[in-house]
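Residues per chain are reported as follows:
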Amino acid sequence: MKIAALRLHNVKRFARQGVAIEGIGDGVNVLCAANEFGKSTSFEALHALFFQPHTGLPKDVKRLQPYSGGNPLVEADIVVPEGRFRLTKQFIGGRRASVVDLATGRLVAQADEAERFIAGLIRGGTAGPAGLLWVRQGNTGLDKRKEDEDERQVRESLLTSVQGEVEAITGGRRMSEILAACEEELARLVTATLRPRAGGPYHALLEERARLAAEEQRLAADVATLRDALDRRAATLRRLAELGHAEEKAARRAAVDQATLAFETAKAHAEKLKAAEAEAALAGNRRDTAARELAAFHEALERAGALAAELAAVEARRVEAIARRRAAAAAIDAAMAEVHASEAREQEARELLARLDAALKARQATQELEALRLRLRQAEAARAASEQAEAAHALLAVPADAVEQLQRLEIEIARLRAAEEASLPSLRLAYEPGAAALLLDGAPLPPDEDRAIRDVAHVALPGIGALTIRSNRPAGADNARKAAERSRAERLGSLGVADLAAARRRQVEAQEKAAERERLRLDLRHFAPEGLPRLREEVARRAVVPPEALELTADPEQARTALARAGEQVAAARNAAREAQPLQARAIEAHAETEAALKTLAGELSRLDALLGPGAERPARKQALAAAHAERRDAFATASARAGDLRDAAPDLASAEAVLRRARSVEDAASQEESRLHITLADLNGQIRTRADDAVEEAWSETRDALDAANARVKAFETEVAVLDRLRTALQASRSAARDLYLQPVLAELRPLLGLLFDDIAITFDEKTLLPQAVRRNGQDEEVDRLSGGMREQLSVLTRLAFARLLARDGRPAPVILDDALVYSDDDRIERMFDALHRQALEQQIIVFSCRQRAFSRLGGNVLHMQPWQPDLG
């Protein structure tokens with residue numbers, strides 16, 4: 001068979017278009033083109049035409065379909081001795097196959113008949129001659145992979161048909177028949193690894209031997225068990241006779257009675273001793289309690305005297321601290337009055353300068369008005385968000401020291417109360433002679449008297465108005481004092497949480513809200529640095545006051561000088577007030593400390609007074625405590641002496657109990673052993689009677705004889721298997737010795753081809769795969785797998801050319817098709833490969849696809865081209 005033309009449509013990269021390779025002739029035909037031109041696609045299409053049925057959807061057929069879909073169509077013109085035919089197949093959709101005689105235009109076959117026609121051309125599918133000689137891109141056929149058994153058989157049948165005298169040299173078909181009979185007999189007995197075959201006679205005999213061996217072991221065990229039961233029954237009867245002796249039983253009973261009487265006596269004495277020791281322990285506890293009460297009374301008397309002296313000293317320090325606090329407050333009031341006066345003068349100077357600056361900047365007011373309005377809107381939005389964050393924070397806020405304050409109670413109350421009173425601002429008014437008294441929150445305000453302002457106070461000023469004074473205390477400043485005065489059970493309720501962990505989680509959430517609030521406040525300060533009211537005033541002022549309404553009424557430089565002078569006065573007054581503040585803080589701290597110490601000492605003294613009682617009764621109570629201690633000490637001595645006498649006369653209870661336990665255990669053990677031996681005797685009698693009725697010794701003897709016979713038969717099978725395996729090995733060795741002559745035809749065709757490329761080289765073929773296995777050059781053997789990629793592909797092509805020549809001589813010519821089969825060859829060897837191709841092409845059609853356009857331009861032969869083609873779909 002020769003291929004004359006190839007056409008394909010809608011195959012892989014040729015979506016909705018067709019190409020044709022026309023003019024394929026005898027000898028060497030070459031198609032050289034760049035990568036992605038369609039050479040391998042043409043090879044795959046031709047392969048599918050000959051080897052894939054048009055009705056199936058295997059993976060190789062699906063790969064022919066373009067990404068856009070469609071139905072691949074492949075068509076080829078071939079030349080065979082019967083004439084020139086056109087083969088056509090369409091896959092996937094509209095499946096069809098046909099064979100047309102080109103000489104007459106007659107439809108020779110279609111559908112399944114066309115498939116059978118094509119199968120007759122290739123004879124054997126991919127394992128036939130064409131499958132042997134067509135080389136895909138990147139496949140040398142020499143790789144160590146699983147070889148198709150059919151392809152190996154093609155090579156073997158080809159060599160056998162060419163070299164018919166092989167059979168004569170190796171013994172002919174007679175040897176094959178002997179080898180087949182040997183292998184058949186072996187297969188009946190054993191597997192390929194010489195293990196017994198399941199279901200065969202050898203395997204059945206081994207199972208029978210294993211069964212007899214197991215039965216023999218079982219019967220031997222039964223015989224041993226029977227003999228052991230007889231021995232044990234005799235021993236059991238002897239022991240029962242010993243245990244049933246009347247004198248031995250009476251002695252064991254007497255020992256138990258005597259030990260019981262001794263144990264009961266010792267137990268009664270132990271109970272008396274236990275009661276006496278308990279009474280002595282109780283007396284000792286009463287003595288120790290009286291001693292502790294007497295010592296505590298003496299210690300409390302001494303501590304009460306010391307606390308009285310300390311209390312007097314602390315009271316003196318408290319009076320001194322109150323005086324210092326009042327003096328510091330007066331100094332602060334004087335300094336703050338000077339600060340207010342200086343600030344008023346500074347404010348007047350600043351307002352004057354502000355008016356002057358406003359007049360100078362009036363011309364810019366109109367331009368800046370829109371910017372100010374934008375800032376006002378942004379500031380109001382920031383303030384609204386800040387207020388929302390503040391509200392959320394207020395719901396979650398937990399005082400910073402709330403968790404720690406849960407742990408502080410009585411002493412902290414006094415200190416917090418003193419600090420609270422000292423931190424409150426106060427109001428003091430000195431009236432002019434004859435002046436009417438003012439009203440403070442609706443009540444007359446006494447002259448020259450300090451009035452603490454806790455929150456807000458309103459002073460009515462007749463003829464002037466109302467004066468509001470705020471203390472500006474932090475919210476919840478007295479929460480700690482109030483919480484400490486409540487019981488510990490109300491600590492968590494004051495915070496509104498279930499436990500301390502919940503309070504801490506709430507504190508973390510409050511901190512996050514506080515951070516958000518501070519960020520919004522920063523935004524507000526950014527948009528309105530001087531405050532939102534100031535920004536509104538500025539916007540309103542610029543909107544309603546025209547620039548020309550403001551006039552300069554004073555010298556701006558003089559106003560700035562006056563403002564600077566007033567600022568210096570304010571700074572000096574503030575520094576003076578600041579110097580007085582540490583004295584006031586220290587005075588307040590000293591007052592708080594003395595209040596706390598006073599509260600502590602008073603509480604301790606109250607506790608001691610409650611412990612000691614009234615002063616007049618203390619001497620009598622002291623004498624009573626001493627008398628009680630002496631009485632309880634004597635009672636303890638009496639109880640201890642009585643317990644000691646009983647302890648000295650006490651018998652050894654543990655020894656008596658041990659003797660009783662031993663006597664009872666001896667009697668119980670004898671009784672239990674006697675019962676157990678009767679049960680054992682009954683069991684042994686049953687076992688002996690059962691095995692005596694079964695005649696186990698006779699069955700054991702018969703089974704041993706059968707096992708010996710089975711072992712002899714297994715030995716005979718083992719000998720037979722060994723002889724058959726030795727015979728098969730000898731026959732195979734004889735055939736292997738003649739393998740060189742068997743491969744002579746292909747070696748004869750391959751030798752001149754190798755001479756074109758290599759000097760002094762010989763090839764060894766694998767006896768199983770009939771492919772090159774090793775090469776010998778320069779006296780050394782090299783595995784094909786270790787050769788370079790170029791040499792391996794050259795050997796692959798040359799071997800296929802040799803098999804192609806043998807196929808032609810055997811009347812089965814097939815074209816050799818090489819798809820980029822020479823990729824790694826150097827320039828010199830590729831030239832020699834071209835010579836080899838032309839040498840074999842004298843009687844053979846060779847089709848070469850390659851992307852190496854420059855190198856294969858020197859191959860010569862019939863140059864093929866791909867041209868557009870559209871099928872006749874009518």
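This section reports on the structure supplied with the text. (Residues numbered from 1 in each chain as written. Predicted model: local features only at pLDDT ≥ 70, side-chain atom pairs only at ≥ 80, totals over all residues. Heavy atoms only, no water.)

### Here's the deal with unusual backbone geometry
Glycine aside, residues mostly have negative phi, and peptide bonds are mostly found in the trans state.
Alright, step 1. Within the chain, Lys12 stands out as a residue other than glycine whose phi angle is a positive 50 degrees.
Alright, step 2. Turning to its location among the elements, Lys12 is positioned in the loop between strand S1 (2–11) and strand S2 (14–21).
Alright, step 3. Residue Lys12 is classed as partly exposed on the basis of its relative accessible area of 28%. (Helix = DSSP H or I, 4+ residues; strand = E, 2+ residues; numbered from the N terminus. Buried < 20%, exposed > 50% of the residue type's maximum accessible area, 1.4 Å probe, protein only.)

### Let's talk about the nonpolar core
Alright, step 1. Core analysis: the biggest nonpolar cluster contains 37 residues, and Ile21, Leu46 and Phe50 have the highest contact counts within it.
Alright, step 2. Those elements that provide at least two residues to this core are S1, S2, helix H1 (39–51), strand S4 (73–80), strand S5 (83–90), strand S6 (96–101), helix H3 (112–122) and strand S19 (846–850).
Alright, step 3. With seven residues, H1 is the largest single contributor of residues to this core.
Alright, step 4. Among the nonpolar cores identified, the runner-up in size contains 22 residues, and Val797, Ala804, Ala855 and Phe856 belong to it. (Core = buried A, V, L, I, M, F, W, Y, C linked by side-chain atoms within 4.5 Å.)

### Notes on the packing of helix H23 (residues 789–809) against helix H24 (residues 827–840)
What describes two packed helices is the angle between their axes and the distance between those same axes.
Alright, step 1. At a minimum axis separation of 11 Å, H23 and H24 run at an interaxial angle of 10 degrees. For the element pair H23 / H24, the angle class is roughly parallel. Touching Met791, Gln794, Val797, Leu798, Leu801 and Arg805 of H23 are Arg829, Met833, Ala836, Leu837, Arg839 and Gln840, all from H24. (Axes fitted to C-alpha atoms, helices over the stretch in contact; angles between N-to-C directions. Parallel < 35°, antiparallel > 145°, perpendicular 65-115°, else oblique. Contact = heavy atoms within 4.5 Å.)

### Examining the side chain of Lys89
Alright, step 1. Tracing the chain through its elements places Lys89 in strand S5.
Alright, step 2. Among the residues examined, Lys89 registers a relative accessible area of 0% and is labelled buried.
Alright, step 3. Polar contacts involving the side chain of Lys89 include one to the main-chain carbonyl oxygen of Gln52, which spans 2.8 Å.
Alright, step 4. At 3.0 Å, the side chain of Lys89 and the side chain of Glu115 are in polar contact. (Polar contact = N/O pair within 3.5 Å; in protein donor to acceptor, adjacent residues only side chain to side chain.)

### Considerations on a negative patch on the surface
Alright, step 1. A contiguous patch of negative charge, built from Glu698, Glu702, Asp705 and Asp708, is present on the exposed surface.
Alright, step 2. Summarising the element assignment, Glu702 is placed in helix H20 (residues 696–737).
Alright, step 3. Assessed through its relative accessible area of 58%, Glu702 is described here as exposed. (Patch = residues over 30% accessible without salt bridge, like charges linked within 9 Å, V, L, I, M, F, W, Y side chains within 5 Å. Areas by Shrake-Rupley, 256 points an atom, 1.4 Å probe, with all protein chains shown as cover. Salt bridge = Lys/Arg side-chain N within 4 Å of Asp/Glu carboxyl O. Lys, Arg positive; Asp, Glu negative; His and termini not counted. Charge placed at Lys NZ, Arg CZ, Asp CG, Glu CD.)

### Focus: the packing of aromatic side chains
Alright, step 1. Here the structure, examined in full by the defined rule, presents two aromatic pairs.
Alright, step 2. The positively charged end of Arg13 is found above the aromatic ring belonging to Phe14, 5.0 Å away from the centroid.
Alright, step 3. One residue, Arg704, lies across the ring of Trp700, its end atom 4.2 Å from the ring centre. (Phe/Tyr/Trp six-rings, centres within 6.5 Å; stacked < 30°, edge-to-face > 60°. Lys NZ or Arg CZ within 6 Å of the ring centre and 35° of its normal.)

### Quick notes on helix H8 (residues 201–243)
Alright, step 1. In this model, H8 (43 residues) spans 62 Å end to end at C-alpha, consistent with the 63 Å of a helix rising 1.5 Å per residue.
Alright, step 2. Along H8, the residues classified as buried are Tyr202, Leu205, Leu212, Glu216, Leu219, Asp222, Val223, Leu226, Ala229, Thr236, Leu240 and Leu243. (Expected span 1.5 Å × (residues − 1).)

### Digging into the environment of His54
Alright, step 1. By the element assignment, His54 lies in the loop between H1 and helix H2 (59–62).
Alright, step 2. Each C-alpha atom, one on His54 and one on Phe91, is 5.3 Å from the other, the two residues being 37 residues apart in sequence.
Alright, step 3. Sequence-distant contacts of His54, that is, excluding residues within four places in its chain, are made with Lys89, Gln90, Phe91, Arg95, Arg96, Ala97, Ala111 and Glu115.
Alright, step 4. Among the polar contacts listed, one links the side chain of His54 to the side chain of Glu115, at a separation of 2.8 Å.

### A few points about H23
Alright, step 1. With 21 residues, H23 extends 31 Å between its outermost C-alpha atoms, agreeing within 8% with the 30 Å of an ideal straight helix rising 1.5 Å per residue.
Alright, step 2. Burial within H23 is extensive, with 18 of its 21 residues counted as buried.
Alright, step 3. Count one or two residues on from H23 and you reach Gly811, which has phi positive near 80 degrees.

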